[in-house]
Amino acid sequence: MRDSTNLSTAHFDAYARSVYNHAFRLTGNWAQAQDVVSLTFLDAWRLRGRVNEEGGSLRPWLLGIATNVTRNTRRAARRHAAAVARLPRDEVEHDFADEIAGRLDDSAQLALVRTALSRLRRADREVLALCVWAGLDYAAAAEALGVPVGTVRSRLSRARTKLAKHMEPLSERGQMRGDRTAAVRPVEEGNR
C-alpha cells in the first residue's frame, strides 16, 4: 500500500482516524487535532516522493509527520503569543457617557419604583419588604406581622400584581381611563 505516486483518498480514509487520535493525544484539543490532520495530509502529499515503495504501512510515516506538524504549530503559537505580548498596549480613554446615561436610566427607574411602591397599601408594602427584600418565608413573615400565613400569601400576590401594573411604562398602558378626547382633530379637506 506504500505507492508514492498514488497517495489518494483511499490512504486518507485508511489512516485519517489514526492520525486524528494521535494528534488529539498530542494536543488535547479536538479542533487543533483536526488542523493537525489537515496539515499532516497536506505535508504527506507534498512529500509523497520520499516514500519507499517497498515499505509496509504508511501509518508510522504519517504519525511522524503529525508529530512534527504538532511541534511546529505549537512553536508558531508560542511565537505569535510572544509577538502579541510585545505589542504596545493602547491606553483606552474611559468613556463616561455610557456610565452617565446608565445612571440617568437608573434614576428614572428608581423614581418609577418609588412611585409604584407609594401606591401600594402599607400592609402590602410590609409583606413585600419582609418576603422579597428580607428573604423571609411565608411563615416567618406571618409571625413577624402577627397575621395568618394565608394573609401573607394574598398580600404578597396582590402587591406583586399592583407593582407590576404600576411599573409598566406609560406607552405600554394604553389610553388612561376617563381620557376619551382626541388629541388631534381630523382635517377636513375641501374648497375654501
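A quick note: this is a predicted structure, and the numbers were derived from the prediction, not measured. (Residues numbered from 1 in each chain as written. Predicted model: local features only at pLDDT ≥ 70, side-chain atom pairs only at ≥ 80, totals over all residues. Heavy atoms only, no water.)

*Asks:* For the packing of helix H1 (residues 9-27) against helix H3 (residues 59-86), give the residues involved together with the corresponding values.
*Replies:* Put simply, H1 and H3 touch, their axes get as near as 10 Å, and they point 35 degrees apart. Here the hand of the crossing between H1 and H3 comes out right-handed. For the pair H1 and H3, the contacting residues are Tyr15, Ser18, Val19, His22, Leu26 and Thr27 in the first and Arg59, Leu62, Leu63, Ala66, Thr67, Thr70 and Arg74 in the second. Here the residues of the contact of H1 with H3 sort into six nonpolar, five polar and two charged. (Axes fitted to C-alpha atoms, helices over the stretch in contact; angles between N-to-C directions. Helix = DSSP H or I, 4+ residues; strand = E, 2+ residues; numbered from the N terminus. Left-handed = near helix turned anticlockwise from the far one by under 90°. Contact = heavy atoms within 4.5 Å. Nonpolar A, V, L, I, M, F, W, Y, C, P; charged D, E, K, R; others polar.)

*Asks:* Account for the packing of aromatic side chains, with residues named and values stated.
*Replies:* Aromatic rings considered in pairs are described by the distance between their centres and by the relative angle of their planes. Summed over the entire model, instances satisfying the criterion amount to two aromatic pairs. With centroids separated by 5.6 Å and ring planes inclined at 20 degrees, the aromatic side chains of Tyr20 and Trp30 adopt a geometry described as stacked. Residue Tyr20 is found in helix H1, and its partner Trp30 is found in helix H2 (residues 30-46); the two are separated by 10 residues along the sequence. The exposure class assigned to Tyr20 is buried, which follows from its relative accessible area of 13%. Between Phe24 and Trp30 the ring centres are 3.7 Å apart and the planes differ by 10 degrees, which places this aromatic pair in the stacked class. Above the face of the Trp45 ring, Arg48 is positioned so that its terminal group lies 3.9 Å from the ring centre. (Phe/Tyr/Trp six-rings, centres within 6.5 Å; stacked < 30°, edge-to-face > 60°. Buried < 20%, exposed > 50% of the residue type's maximum accessible area, 1.4 Å probe, protein only. Lys NZ or Arg CZ within 6 Å of the ring centre and 35° of its normal.)

*Asks:* Please provide a residue-by-residue account of the pattern of salt bridges, values included.
*Replies:* All told, the structure shown has four salt bridges when counted by the stated rule. The shortest N-O distance in the salt bridge between Arg122 and Glu126 comes to 2.7 Å. Separated by four residues within a single helix, Arg122 and Glu126 lie in helix H5 (residues 122-133), roughly one turn from each other. Between Arg158 and Asp124 there is a salt bridge, and its shortest N-O distance comes to 3.1 Å. Residue Arg158 is found in helix H7 (residues 149-167), and its partner Asp124 is found in helix H5; the two are separated by 34 residues along the sequence. (Salt bridge = Lys/Arg side-chain N within 4 Å of Asp/Glu carboxyl O.)

*Asks:* Any chance you could break down a positive patch on the surface for me, citing the residues and the numbers?
*Replies:* On the surface, Arg71, Arg74, Arg75, Arg78 and Arg79 cluster together into a patch of positive charge. For Arg74, the position within the fold is in helix H3. (Patch = residues over 30% accessible without salt bridge, like charges linked within 9 Å, V, L, I, M, F, W, Y side chains within 5 Å. Areas by Shrake-Rupley, 256 points an atom, 1.4 Å probe, with all protein chains shown as cover. Lys, Arg positive; Asp, Glu negative; His and termini not counted. Charge placed at Lys NZ, Arg CZ, Asp CG, Glu CD.)

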